[in-house]
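Overview (structure and organization)
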Amino acid sequence: MKFTITPPVRWRNLKMGLKLGIGFGLLITVFFILGMMALVNMRAIQEKTSHLGENYIPVTNTLYHMEHFTHEAVHAMLGYSLSEEDHYYETALDHMKRMNDYYSSLDSMISVSPALSRFRISGTHIGDELAQFNQYAEEMHEVNTRIRQLRQNMDETYEDFNRLTHEILLKENVDFRNHILQPETPVDTLVMLHQRSKRINVIIQKGGISRIETLQAVAQKNPELIRNVDQEQHVFLFSLIDVLREIAEPEDLETLSNLEESVSCYRTNMLEVAEYIEQSRRLESQLETAAFSALFEAHHISSEINSNMSETAAETISLLDNSNNFLIIGLLLSLALAIVLSVKTTRNVTIPVKKSVHFAQQVAAGNMNARVDVNQRDEIGELADALKDMLNRLRDNISALKEAEKRRRNSILETEQKERRRFAEDLHDSLGPLLSTAKLYLNSFESSRYDPEQRFRMIQQANEVINEAINNAKSIANNLRPNLLEDFGLKVALSSFLDHIKSTNAIEIDFSCEAKAENSLDRNTTSMLYNVLLELIHNTIRHANAGKIAVHIRQIDDICRVTYKDDGKGCELKSAVAGNTPGQGLKNIINRIQSCNGQIDLWSEPGKGFRADIMI
């Protein structure tokens, strides 16, 4: 039986994603738990503050304004009761309107809010008392209006009283003067007339005193004093009028009756004023009682709301303290957890990374025997394994590069040898026969069998041979390094070369070259590209049996792109590049392009022509 022992799971062997997931998961869990606790507290705080903001504070504000305008209305009504001036009543009405408006707002808030439902009875009592206050205010207005009417009636009655008493006094004074002017008038008659005038003056005096005392009593709002004035003054007035009636002439009886009627009317109005003043005092007391009852209920609501506000504020502060504690504890826990996770993760990352960096630096310095000691199964371990694999691949690539460099040097040497052989062949085939012929002509001068004319012709023929040899030497030199390329650049040199080919009418040439493409190439690259294109054209002419050659040189961004193609018979590229096709030398062309950090893409199929894309 075989048992497999599973190695223990260690933190350093966990993947970085799993480490970060565990770390962030723990942090998120801690924050989530604390966040939920804080959220519960915030919900409670929100509920408490909503009671404060939506219920208690608006109600307190409304109660304050209602109490304020109730006090103002009471003061205005008391002023109206004392002075009976309408502007006090108008001010009271304005305060009462605002007082009722604030009560309507209070009643609406109590009716809508469940938190204020316990104040509905108190709110109803306030409404009833304010309604009574409004009613008492209207009744007081009616009473004051009636008192003013009665006072006006008393003023009019007193004017009648003055007018009648002065008429009687004037008549008595006229009679007394007439009797005095008559010598035969008895003394008793004069005494009686004098006494009558004296009584009338007493009536006038008592009427004035009664008027003054009545005005003072009314001003003092003292009904008892008004009744005392009636008992002390008016009874005496009636008795004096009765005495005058006994001794008056028949024609004066009607005036005395009018006088007695005015006094009686004044007395009736005065006593009625006393009753209305008593009613006004009762209304004042009732107004104050209704107002202070409403204020008492409002103060009760205000006190209870203030108490609730204090409790709510204390609970809110406690909840805020708890939330702060939760946050502080959470931050401390998160900080400790983050430090632990950071230290563990950093140690598992930085140390292996330093080892990997040191390994990479040794490899970069050329130490192919460097080692990296990282024993982890996470991404850092995978990085170390990748570096080890990179070192192995680098060793293989270095070997391959050395082999490629060796092949490139061999190819260059082969190309140089080929150029030397072609140069030797050109010298041998072109200059050798011509120079040998010229030598024959020169050797013939030593013979005496030729006459001067024959020697002259031989000199001309020798000159022609030497001129041809010179031209061939120039042609060979131009093939090695064209003067046009050196003096006028790639476009002019290629155009000149292609024009010689076109002059044979054996093949059609399509050539274009952009100036900025030509200017982007340095001297060595231009020479290399010229020789490559000549080699491609030479291969096409010799091997492809083509009817058309196209050469286009253009600049695309920072790259010089050369397109070469023909419509010849094509070839097998694999064998041609390998050098199995005689005379084409494509491998040499590739090596030349790569030696200038260029890139070449070749395409060809039998019967479909040839194409080369060069990018430098």
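Residues numbered from 1 in each chain as written. Predicted model: local features only at pLDDT ≥ 70, side-chain atom pairs only at ≥ 80, totals over all residues. Heavy atoms only, no water.

**Regarding the overall build of the protein chain**
- From N to C terminus, the protein chain includes 14 helices and five strands.
- When each of the 616 residues of the protein chain is scored for burial, the buried share is 35%.
- Taking as baseline every contact in the protein chain between residues at least 6 positions apart, the subset at least 24 positions apart corresponds to 74%.
- Total accessible area computed for the protein chain in this model is approximately 36400 Å², and 55% of it derives from carbon and sulfur atoms. (Helix = DSSP H or I, 4+ residues; strand = E, 2+ residues; numbered from the N terminus. Buried < 20%, exposed > 50% of the residue type's maximum accessible area, 1.4 Å probe, protein only. Contact = heavy atoms within 4.5 Å. Areas by Shrake-Rupley, 256 points an atom, 1.4 Å probe, with all protein chains shown as cover.)

**Quick notes on the packing of helix H2 (residues 86–112) against helix H3 (residues 120–181)**
- For the pair H2 and H3, the least separation of the axes is 10 Å and the interaxial angle reads 165 degrees. Overall, the two elements H2 and H3 adopt an arrangement that is roughly antiparallel. Considering the relative orientation of H2 and H3, their crossing is left-handed. Side by side, H2 and H3 meet where Asp86, Tyr89, Met96, Met99, Asn100, Tyr103, Leu106, Ile110 and Ser111 of the first sit next to Arg120, Gly123, Thr124, Ile126, Gly127, Leu130, Phe133, Asn134, Ala137, Glu138, His141 and Arg148 of the second. (Axes fitted to C-alpha atoms, helices over the stretch in contact; angles between N-to-C directions. Parallel < 35°, antiparallel > 145°, perpendicular 65-115°, else oblique. Left-handed = near helix turned anticlockwise from the far one by under 90°.)

**Topic: the sheet that holds strand S4 (residues 599–604)**
- On the basis of which strands lie adjacent, the open sheet formed by five strands has the order S1-S2-S3-S5-S4 and mixed pairing. Either end of the sheet is taken by a strand with one partner, and the two such strands are strand S1 (508–513) and S4. The sheet shows a mean angle of 10 degrees between the axes of neighbouring strands, taken without regard to direction.
- Examined bridge by bridge, S1 and strand S2 (residues 548–556) share six bridges and lie parallel to one another. Looking across to S2, one finds that Glu508 is bridged to Lys548.
- In the packing of helix H10 (residues 490–502) onto the sheet, contacts are made with S1 and S2, and the angle to S1 comes to roughly 170 degrees.
- Across the sheet, helix H14 (residues 586–595) lies against S4 and strand S5 (610–615), angled at about 155 degrees from S4, the strand it touches most. (Pairing = 2+ DSSP bridges.)

**Some words on the nonpolar core**
- Met66, Met77, Ile126 and Phe133 are the most contacted members of the largest nonpolar core, which totals 59 residues.
- Counting only elements with at least two residues in this core, the list comes to helix H1 (16–83), H2, H3, helix H4 (187–219), helix H5 (223–247) and helix H6 (253–364).
- Once residues within four sequence positions are removed from consideration, Met66 is found in contact with Met99, Tyr102, Tyr103, Leu106, Ile126, Leu130 and Ala298. (Core = buried A, V, L, I, M, F, W, Y, C linked by side-chain atoms within 4.5 Å.)

**Quick notes on unusual backbone geometry**
- With phi around 50 degrees, Asn545 is a residue other than glycine that occupies positive phi space.
- By the secondary structure assignment, Asn545 is in the loop between helix H12 (523–544) and S2.
- Residues other than glycine seldom take positive phi values, yet Asp557 does so here, at roughly 55 degrees.
- Positionally, Asp557 belongs in the loop between S2 and strand S3 (559–566).

Keep in mind these values describe shape, not function.
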